[in-house]
Amino acid sequence: MEKISPYQLGVMIIMFEIGSSPLFLLASEAKRDAWISVLIAMACGMLLLVLVTLPIQRREPDLNLIDLFFRYGGKWAGHLFAWPYVIYFMYKSVRNVREFGDLMNLYLLPHSPLVVVIIIIMLLSAYAVYQGVEVFCRTTQVLLPVITVIYFLLLFLLVIIGDIQPSSLLPIMEDGIRPVVAAALPEVVSFPFGEMVLFLMYWRFVNRPKKVLPATLIAYSLAGFFLVFTNALILSILGPEMASIGGIPLMIVASLIRITQFVERMDPFVALLLFIGVWVKQTAYYFGAAMALASIFKTTYKRMTLPAGIVIFAGSLMFSSFMEQIRFGFEFNIKYHFPIFQIVLPSLLLLLMIIRRKRKTGELNSG
């Protein structure tokens with residue numbers, strides 16, 4: 001079986017969690033306290049990791065999520081829970097593919113047919129999936145320094161031009177803590193912090209299982225604090241009203257950067273951040289769907305690359321517009337559907353694993 005190092009796992013988690021999230025204002029309902037909502041959601045996601053997701057991995061480090069459903073639920077229950085996760089992983093990939101295609105049309109290739117853009121991104125992702133986990137993780141290693149340099153450059157230029165106004169974040173929690181918590185739960189937990197459930201498909205590839213816990217928590221924390229910081233940065237520059245209008249707030253922030261005739265038009269760099277983040281995330285979910293199908297049909301994920309890719313490609317063309325898939329996602333998926341896969345089913349699986357372990361221990365002691 002392929003193996004990746006704890007460092008590669010950490011890099012992949014950072015790239016996955018960051019994705020395109022820093023470009024948007026998360027928890028915009030909390031207005032100037034949105035960054036606090038992100039911090040609360042991050043803490044809830046950490047609890048979910050420590051109390052549910054990682055304990056599942058620790059008990060069965062060599063199995064992925066789908067294999068666990070079959071081992072502890074049997075054949076019929078295994079299929080009952082495995083197929084919804086295939087749909088979940090595919091749907092998450094579909095949304096990212098469509099987001100990539102629509103934003104590419106919007107910012108870089110306005111005259112290119114959407115279907116052509118989607119075919120290109122799907123071919124790139126399919127190639128990464130077919131090449132294997134090791135190649136995909138090495139790709140994220142190459143891309144992480146790129147996005148790090150771009151984010152650092154943007155921050156440096158924003159400091160130079162003096163557009164950062166921390167006073168825009170004050171007063172803190174003027175309307176109390178309830179709106180702040182309401183904006184965090186469940187929306188920001190579902191996206192992006194609860195998405196760590198996907199790594200129940202990847203943790204088994206780590207060559208040092210004992211390092212999974214520290215590598216995961218460190219990478220998750222780094223990505224989480226970065227998202228808190230970027231949310232606060234967007235608010236301190238644009239203010240809560242302008243940041244909540246719509247579009248991509250960080251793109252607006254980048255368009256404000258003007259230093260005589262030397263530096264201007266930074267928005268292409270923000271577009272690059274967007275495309276890298278969305279590609280990594282949609283490929284990770286594509287990989288998850290292929291691995292889930294492989295576990296169901298007892299084959300290799302490479303053989304499932306084409307079938308999974310065809311479904312994802314077809315699904316990405318089902319939405320009539322970019323705004324339709326955004327509205328559907330935020331009004332229904334994040335609030336009602338995603339928590340089932342990120343919280344409810346993993347919790348039930350962990351409970352089943354504990355019960356089975358105690359029953360087995362009791363039988364051994366009685367014997």
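To be clear, the structure that these remarks concern was listed above.
Report on the accompanying structure.

### Concerning the environment of Phe205
Item 1. Along the polypeptide, Phe205 turns up in the loop between helix H6 (178-190) and helix H7 (212-243).
Item 2. According to the relative accessible area criterion, Phe205 is buried, its value standing at 2%.
Item 3. Taking the C-alpha atoms as reference, Phe205 lies 9.5 Å from Leu63; in sequence the two are 142 residues apart.
Item 4. Those residues in contact with Phe205 that sit more than four places away from it in its chain are Met1, Glu2, Lys3, Ile4, Val133 and Met291.

### Comments concerning the packing of aromatic side chains
Item 1. This structure, assessed with the given rule, holds 23 aromatic pairs.
Item 2. With a centroid separation of 5.3 Å and 20° between ring planes, the pair formed by Phe69 and Phe81 is classed as stacked.
Item 3. Here Phe199 and Trp203 contribute two aromatic rings whose centre-to-centre distance is 6.5 Å and whose plane-to-plane angle is 40°, an arrangement assigned as tilted.
Item 4. Trp203 gets classed as buried once you look at its relative accessible area, which sits at 2%.
Item 5. One residue, Lys281, lies across the ring of Phe16, its end atom 5.0 Å from the ring centre.
Item 6. The ring of Tyr130 carries Lys302 above its face, with NZ or CZ at 5.5 Å from the centroid.

### Quick word on H6
Item 1. Its 13 residues give H6 an end-to-end C-alpha distance of 19 Å, which sits within 8% of 18 Å, the value for a rise of 1.5 Å per residue.
Item 2. A bend of about 40° at Ala184 is the largest found in H6, and the proline Pro186 appears one to four places after it.
Item 3. Those residues of H6 that sit buried are Val180, Ala183, Ala184, Glu187, Val188, Val189 and Ser190.

### Brief notes about the packing of helix H1 (residues 6-18) against helix H5 (residues 133-161)
Item 1. Relative orientation of the contacting elements H1 and H5 amounts to 55°, with a least axis distance of 9 Å. In terms of axis orientation, H1 runs oblique to H5. In the crossing of H1 with H5, the sense of the turn from one axis to the other is left-handed. Residue-level contacts link Tyr7, Gln8, Val11, Met12, Ile14, Met15 and Ile18 of H1 to Phe136, Cys137, Arg138, Thr140, Gln141, Leu143, Leu144, Ile147 and Tyr151 of H5.

### Looking at the nonpolar core
Item 1. Formed by 130 residues in total, the largest nonpolar core has its most connected members in Tyr85 and Tyr202.
Item 2. It is helix H9 (residues 267-297) that contributes the most residues to this core, 20 residues altogether.
Item 3. Ignoring anything within four residues of it in the chain, the contact list for Tyr85 reads Leu65, Ile66, Phe69, Val197, Phe341, Leu345 and Pro346.

### As for H7
Item 1. Across its 32 residues, H7 extends only 37 Å between first and last C-alpha, which sits more than 12% below the 46 Å expected from 1.5 Å per residue.
Item 2. In H7, a bend of some 85° at Ile237 exceeds every other bend along the element, and Pro240, a proline, comes one to four places later.

Reading the values: the criteria
- Residues numbered from 1 in each chain as written.
- Predicted model: local features only at pLDDT ≥ 70, side-chain atom pairs only at ≥ 80, totals over all residues.
- Heavy atoms only, no water.
- Helix = DSSP H or I, 4+ residues; strand = E, 2+ residues; numbered from the N terminus.
- Buried < 20%, exposed > 50% of the residue type's maximum accessible area, 1.4 Å probe, protein only.
- Contact = heavy atoms within 4.5 Å.
- Phe/Tyr/Trp six-rings, centres within 6.5 Å; stacked < 30°, edge-to-face > 60°.
- Lys NZ or Arg CZ within 6 Å of the ring centre and 35° of its normal.
- Expected span 1.5 Å × (residues − 1).
- Bend = angle between axes of the 7 residues up to and from the residue.
- Axes fitted to C-alpha atoms, helices over the stretch in contact; angles between N-to-C directions.
- Parallel < 35°, antiparallel > 145°, perpendicular 65-115°, else oblique.
- Left-handed = near helix turned anticlockwise from the far one by under 90°.
- Core = buried A, V, L, I, M, F, W, Y, C linked by side-chain atoms within 4.5 Å.

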